[in-house]
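Breakdown of the fold
Here's the letter readout for the chains.
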Amino acid sequence: MSKKVPVVEKILGANESLAEENRAKLDEHGVFGINLMASPGAGKTSVIEQTLPKLAERYRIAVIDGDIATSIDADRAAEAGADIAVQVNTGGNCHLDAIMLKKGMEEIDFSKIDLLLVENVGNLVCPANFMLGTHKSVLVASIPEGDDKPYKYPGMYRGVEALVINKIDLLPYIPFKMDYFRKGVEVLNADLVTFPLSCITQEGVDEWINWIIEEVEKNKK
Amino acid sequence: MHELPVTESILDITLRHAKTHNATKVTDIYLVIGDWSSIIDDSVQFHWDILSDGTIAKGANLHFERIPVELFCLDCSQTYTPTDRELICPKCDGVRVKVMKGDEFNIDSIEIET
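Residues numbered from 1 in each chain as written. Chains lettered and ligands numbered in written order. Predicted model: local features only at pLDDT ≥ 70, side-chain atom pairs only at ≥ 80, totals over all residues. Heavy atoms only, no water.

**Describing the nonpolar core**
All names here are of chain A. Threshold: What makes a nonpolar core is a set of buried Ala, Val, Leu, Ile, Met, Phe, Trp, Tyr and Cys residues whose side-chain atoms join them at distances within 4.5 Å. Summary of the burial criterion: residues with accessible area below 20% of their type's maximum are buried, those above 50% are exposed, and those between are partly exposed, where the area comes from a 1.4 Å probe applied to protein chains only. A helix here means a DSSP run of H or I that spans at least four residues, while a strand means a run of E at least two residues long, and both kinds are numbered starting from the N terminus. It only takes one pair of heavy atoms within 4.5 Å for two residues to be counted as in contact.
Among the nonpolar cores identified, the biggest contains 31 residues, and Ile34, Leu52, Leu115 and Trp208 are the most heavily contacted of them. Counting residues per element, the ones that place at least two in this core are strand 2 (32–38), helix 2 (44–55), strand 3 (61–67), strand 5 (115–119), strand 6 (136–142), strand 7 (162–166) and helix 8 (205–220). With 7 residues, helix 8 is the largest single contributor of residues to this core. If we ignore the near neighbours within four places in the chain, the residues touching Leu52 are Ile61, Val63, Ala77, Ala80, Gly81, Ala82 and Leu117.

**Remarks on the pattern of salt bridges**
Residues and elements named next belong to chain A. Convention followed: Within this document, salt bridges are pairs made up of a side-chain nitrogen of Lys or Arg and a carboxyl oxygen of Asp or Glu, the two lying within 4 Å of each other.
Tallying each qualifying case throughout the model produces 18 salt bridges over all chains. Between Lys102 and Glu106 there is a salt bridge; the shortest N-O distance is 3.9 Å. On the basis of relative accessible area, Glu106 is assigned to the exposed category, the value being 53%. In this structure, Lys112 engages Asp109 in a salt bridge whose closest nitrogen and oxygen atoms are separated by 3.6 Å. For Asp109, a relative accessible area of 38% gives the class partly exposed. Taken together, the salt bridges that share partners define one network made up of Lys136, Glu215 and Lys218.

**Notes on the sheet that holds strand 1 (residues 25–34) of chain B**
Rule in force here: At least two DSSP bridges between two strands are needed for those strands to be called paired. A fitted line through C-alpha atoms represents every axis, and for helices the fit uses only the stretch in contact; the resulting angles, taken between N-to-C directions, go from 0 to 180 degrees.
One open sheet accounts for 4 strands, arranged 1(A)-6(B)-1(B)-2(B); its pairing is mixed. Each edge of the open sheet is held by one strand with a lone partner, namely strand 1 (2–10) of chain A together with strand 2 (61–67) of chain B. Averaged over all pairs of adjacent strands, the angle between strand axes in this sheet comes to 20 degrees, irrespective of strand direction. The pairing of strand 1 of chain B with strand 6 (residues 105–113) of chain B spans 8 bridges and is antiparallel. In the strand pairing of strand 6 of chain B, Val32 of chain B is matched with Asn106 of chain B.

**Structural notes on the environment of Cys89 of chain B**
Residue and element names in this part refer to chain B. With respect to the element layout, Cys89 can be found in the loop between strand 4 (79–80) and strand 5 (97–101). Separated by 78 residues in sequence, Cys89 and Leu11 have C-alpha atoms that sit 39 Å apart. Once residues lying within four places of it in the same chain are set aside, the contact partners of Cys89 are Cys73, Cys76, Gln78, Tyr80 and Gly94.

In short, the description is geometric, and any link to function would need to be established separately.
Right under this line is the structure:
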């Protein structure tokens, strides 16, 4: 006998359950987690390098770096002052998922950490689909990528709480219509907080750092 | 290329529900995918044919119901589907919208034999 049975489940529900477990582990230790996503070359690692020294006196920071191969980014994070930097090689996978993050988290003693920065695999498509369990998701966009990225990758722009617009020092040299970019962003994600900045000139970096501090302190209460 | 883990999830959910209903075979799977959920149908089908081999869901037909994006303008109450190059409201150029449809990423139902 043939029959149709209702399922009505989110396809990635299992990942989301695991993400909740990761969140619970962070919350148990009062650790604030941020998931940084971006296309390759947008400057995720540079933003982390800027961030670590400015928060090092205030917080003990762990960095988990997801990459298809190599430990270049974790090494850079360690050099920039991370208390611990863990590299998770995804073995060809184009994103981190909750299981991979869980494995990375197992190498960290969270009783000695206040802030976890996760650097996702450079990719504007896949990471948006996979919740990790961090408290905030941040997208690092950059001027040379072009002003049409929100239109081309709506899923990514919809799934984050903050947007860093990196490399603003290049604005005079690149045809980038900020108004067009921002209108697309606003339709996709009205509540998004944005941080235009340059890792080279340092312009805007303080605002980004202050936001992290505010969020970490809010989470403690 | 996140279709592999997505397909694995579809198979896991399908087999779990099939077991609950004492199915001997799964013939059809109905997926509901919003246009703002990035996934390639053909790629899921390709992975499906490999992953489902050896299970009671082998050879099941995957049906993709694609849901176009539908936005509701909070300024002028216009309902619209954005184009590739413009997301703002075509009537009033507003940017304050509510997303009514387009984020779906679900398995709606399966068809089984018992």
